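Structural features, examined
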Amino acid sequence: MLMGLTFLLSSMILSNMVIEVTLILTFMMFMFILMNWSFLSTSISFLCSVDFFSYNLILLSTWVIILSLFVSLSEYTWKKKKYFSLLNLILLGFLYLSFSVKDYLLFYIFFESSLIPILLIILGWGYQPERLMAGVYMLFYTLFASLPLLGLIFYYNMEIGWTSMNMYMGLTSHNLWVELILVSAFLVKFPMYILHIWLPKAHVEAPVSGSMILAGILLKLGGYGIYRFLPFIVKCYNFNMKYIFVSVSLVGAVLVGLMCLRQMDMKMLIAYSSVCHMASCISVLMILGELGVKGCLFMMIAHGLCSSGLFYLVDMVYKRTNTRSLFVNKGLLNILPNLSFWWFMLLAANLAGPPTLNLFSEICMLINLVVWNKINMFLLMMITFLTGAYNIYLYSLSQHNSFLFSKNVVKTCDFMNYFILMNHLAPLNIMILSVMSFYCFDSL
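Residues numbered from 1 in each chain as written. Predicted model: local features only at pLDDT ≥ 70, side-chain atom pairs only at ≥ 80, totals over all residues. Heavy atoms only, no water.

Per an unreviewed UniProt entry, the chain goes by the name NADH-ubiquinone oxidoreductase chain 4 and belongs to Metacrangonyx longipes. The Catalytic activity (unreviewed entry) comment attached to the chain in UniProt states, word for word, "a ubiquinone + NADH + 5 H(+)(in) = a ubiquinol + NAD(+) + 4 H(+)(out)". Of the comments in the UniProt record for the chain, the one headed Subcellular location (unreviewed entry) reads "Mitochondrion membrane". (UniProt positions renumbered as here; feature names shortened; annotations may be inferred.)

**A short note on the overall build of the chain**
For the chain, the count of helices and strands is 19 helices and 0 strands. The 444 residues of the chain split such that 59% are buried. Considering only residue pairs separated by 6 or more positions, the chain has 83% of its internal contacts joining residues 24 or more positions apart. Split by element, the accessible area of the chain, about 18,000 Å² in all, is 72% carbon and sulfur. (Helix = DSSP H or I, 4+ residues; strand = E, 2+ residues; numbered from the N terminus. Buried < 20%, exposed > 50% of the residue type's maximum accessible area, 1.4 Å probe, protein only. Contact = heavy atoms within 4.5 Å. Areas by Shrake-Rupley, 256 points an atom, 1.4 Å probe, with all protein chains shown as cover.)

**Overview of the pattern of salt bridges**
Per the stated rule, a full pass over the model turns up 3 salt bridges. Note that R228 and D51 form a salt bridge whose closest N and O atoms lie 2.9 Å from each other. Taken as a pair, R228 in helix α10 (residues 208-228) and D51 in the loop between α2 (18-33) and α3 (52-72) lie far apart in primary sequence, 177 residues in all. Accessibility classification places R228 together with D51 in one group, the buried group. (Salt bridge = Lys/Arg side-chain N within 4 Å of Asp/Glu carboxyl O.)

**Focus: unusual backbone geometry**
In the segment running from F190 into P191, the intervening peptide bond is cis, with an omega of -10°. Relative to the assigned elements, P191 resides in the loop between α8 (176-187) and α9 (198-205). The omega angle of the peptide bond from P354 to P355 is 0°, so this bond is cis rather than trans. Position of P355 relative to the elements: it lies in the loop between α16 (337-350) and α17 (357-372). In this structure, I194 is a non-glycine residue whose phi angle is positive, near 90°. With respect to the secondary-structure elements, I194 resides in the loop between α8 and α9. With a relative accessible area of 54%, I194 lands in the exposed category. For N322, which is not a glycine, the phi torsion comes out positive at approximately 65°. Its location among the elements puts N322 in the loop between α14 (290-321) and α15 (332-335).

**Description of the packing of α17 against helix α18 (residues 376-399)**
Taken N-terminus to C-terminus, the directions of α17 and α18 make an angle of 150°; their axes are 8 Å apart at the nearest point. It follows that α17 is roughly antiparallel to α18 by the angle criterion. The residues of α18 that touch α17, namely those facing L366, L369, V370 and W372, are N376, M377 and L380. (Axes fitted to C-alpha atoms, helices over the stretch in contact; angles between N-to-C directions. Parallel < 35°, antiparallel > 145°, perpendicular 65-115°, else oblique.)

**A closer look at α18**
In this model α18 runs 35 Å from its N-terminal to its C-terminal C-alpha over 24 residues, within 8% of the 34 Å that 1.5 Å per residue would give. Two residues or fewer after α18 comes N401, characterised by a positive phi angle close to 75°. (Expected span 1.5 Å × (residues − 1).)

**Some thoughts on a nonpolar patch on the surface**
Nonpolar side chains collect at one region of the surface, where M133, V136, F140, F144 and L147 lie side by side and expose about 510 Å² of accessible area between them. Along the polypeptide, F140 turns up in helix α7 (residues 131-160). (Patch = residues over 30% accessible without salt bridge, like charges linked within 9 Å, V, L, I, M, F, W, Y side chains within 5 Å.)

**A closer look at the packing of aromatic side chains**
With the rule as written, the count across this model stands at 21 aromatic pairs. Note on F298 and F360: the rings are 5.6 Å apart at their centroids and 50° apart in plane angle, and the pair reads as tilted. In this pair, F298 is assigned in helix α14 and F360 in helix α17, connecting sequence segments 62 residues apart. For F360, a relative accessible area of 11% puts it in the buried group. A ring pair is formed by F341 and W342, whose centres lie 5.2 Å apart and whose planes are at 75°; its orientation type is edge-to-face. Here F341 falls in the partly exposed class, since its relative accessible area comes to 46%. A network of ring pairs unites the aromatic residues F53, F99, Y104, F107, F111, F186, Y224, Y227 and F229 as a single cluster. The ring centre of Y137 lies 4.9 Å from the NZ or CZ of K201, which sits over that ring. (Phe/Tyr/Trp six-rings, centres within 6.5 Å; stacked < 30°, edge-to-face > 60°. Lys NZ or Arg CZ within 6 Å of the ring centre and 35° of its normal.)

**Here we look at the environment of V101**
Looking at the element boundaries, V101 is found in the loop between α4 (78-100) and α5 (104-113). With relative accessibility at 3%, the residue V101 sits in the buried group. A C-alpha to C-alpha distance of 9.8 Å links V101 and S54, two positions 47 residues apart in sequence.

**Re the state of the cysteines**
Counted under the stated rule, the structure contains 0 disulfides. C276 takes part in no disulfide bond, and the closest cysteine sulfur to it belongs to C260, at a distance of 6.3 Å. (Disulfide = S-S within 2.5 Å.)

**Notes on the nonpolar core**
Within the largest apolar cluster, 155 residues are counted, with the highest numbers of intra-cluster contacts made by L25, L313, L339 and W343. Per element, the largest residue contribution to this core is 17 residues, and it comes from α14. Sequence-distant contacts of W343, that is, excluding residues within four places in its chain, are made with M266, L310, L313, V314, V317, L394, Y395 and Q399. (Core = buried A, V, L, I, M, F, W, Y, C linked by side-chain atoms within 4.5 Å.)

**What to know about the packing of helix α6 (residues 115-125) against α10**
It is at 10 Å that the axes of α6 and α10 come closest, and there the two elements cross at 155°. Between α6 and α10, the angle falls in the class roughly antiparallel. Crossing angle aside, the handedness with which α6 passes α10 is left-handed. Residues I118, I121 and I122 of α6 pack against G210, I213, L214 and L218 of α10. For the contact of α6 with α10, the residue count by class is 6 nonpolar, 1 polar and no charged. (Left-handed = near helix turned anticlockwise from the far one by under 90°. Nonpolar A, V, L, I, M, F, W, Y, C, P; charged D, E, K, R; others polar.)

Below is the structure:
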């Protein structure tokens with residue numbers, strides 16, 4: 001995959017064959033899917049290995065980048081399209097390396113390097129002048145939270161002599177600050193409540209492809225980082241700290257759900273809903289339950305597809321009405337009836353409705369959290385209720401009532417719009433069959 005991606009990068013630099021590069025990348029991804037899964041238990045090389053967790057996130061990254069490239073085919077001018085596609089391929093290369101290396105120092109380097117392409121996408125293709133401030137927020141939040149982690153990696157490199165992920169299994173250090181440094185570097189990327197300020201700003205100012213990449217891929221880097229550092233965290237785990245992380249995450253999800261009910265910007269509402277969804281993922285990773293970790297992985301995949309599709313839907317409405325406000329975008333069912341089906345299906349997936357993968361992942365995480373502590377049941381009931389409330393609120397307010405500018409001409413949707421929406425929705429409904437028939441009974 002990396003060799004093929006290097007070839008595609010060189011092809012993109014020397015020529016403008018965006019469509020051809022996108023199709024070749026799609027072919028590479030399907031060849032990767034058809035490989036024998038027995039290789040997941042072995043290492044690829046001395047520094048790289050792929051297990052079940054990283055394998056699925058690599059597929060998710062490739063899928064979202066391909067959809068982002070398809071969006072760019074009809075969004076930008078020819079010159080900008082070339083540079084945009086080049087940044088997407090560079091980002092995909094950093095993500096491949098982040099999800100496959102088994103060295104903490106290399107993981108940190110590629111983990112932080114993935115910020116550079118998305119920052120350039122926000123600054124180069126953003127809509128408003130405020131994109132500069134959004135880029136600064138994103139850069140400084142993530143860098144300042146992860147710099148202590150780099151110092152910790154260097155410290156243990158001097159102590160052990162190596163930064164391999166396998167060497168940390170022998171550590172027996174019980175230090176509160178070590179745990180805080182390890183976890184906080186990834187909670188900003190997830191993001192956890194209180195550390196989420198950069199996310200709505202980045203989503204609002206980013207282009208549609210940037211929002212799709214942020215929601216579909218970059219938020220998952222935080223969860224993957226915590227998963228990779230779990231063996232190390234267990235060795236220095238202070239059992240009082242996980243109550244704080246779980247409490248802040250779940251209470252924050254309730255507060256964010258209430259904030260979603262008062263949002264008038266559709267893009268801002270979907271950005272805040274990402275914080276609400278990731279709260280359960282943070283909680284199950286902190287309590288170290290096997291069923292919860294499985295549910296967290298499935299939720300990251302499902303949220304990456306569902307949230308990415310919702311951002312694309314909002315952009316389709318924005319291109320036709322020149323606003324994202326729910327005060328103005330009422331009665332879309334009257335002028336864009338074909339889009340109402342996609343709004344309903346993606347919002348139903350966002351509130352974990354059957355038969356989507358979101359439902360199965362929510363069930364796994366809820367079971368783990370309730371078994372761990374019965375008090376969580378009340379918070380989880382409120383989160384579930386608010387999740388359904390703001391999704392129904394968004395659908396009813398945007399689709400029903402009368403459209404304010406009914407005399408204006410609105411552009412209809414074309415084949416590419418439906419093709420991209422189908423490729424967001426179809427995997428959500430197909431993967432539930434594979435998950436329930438196989439992964440539910442097998443271990444990671």
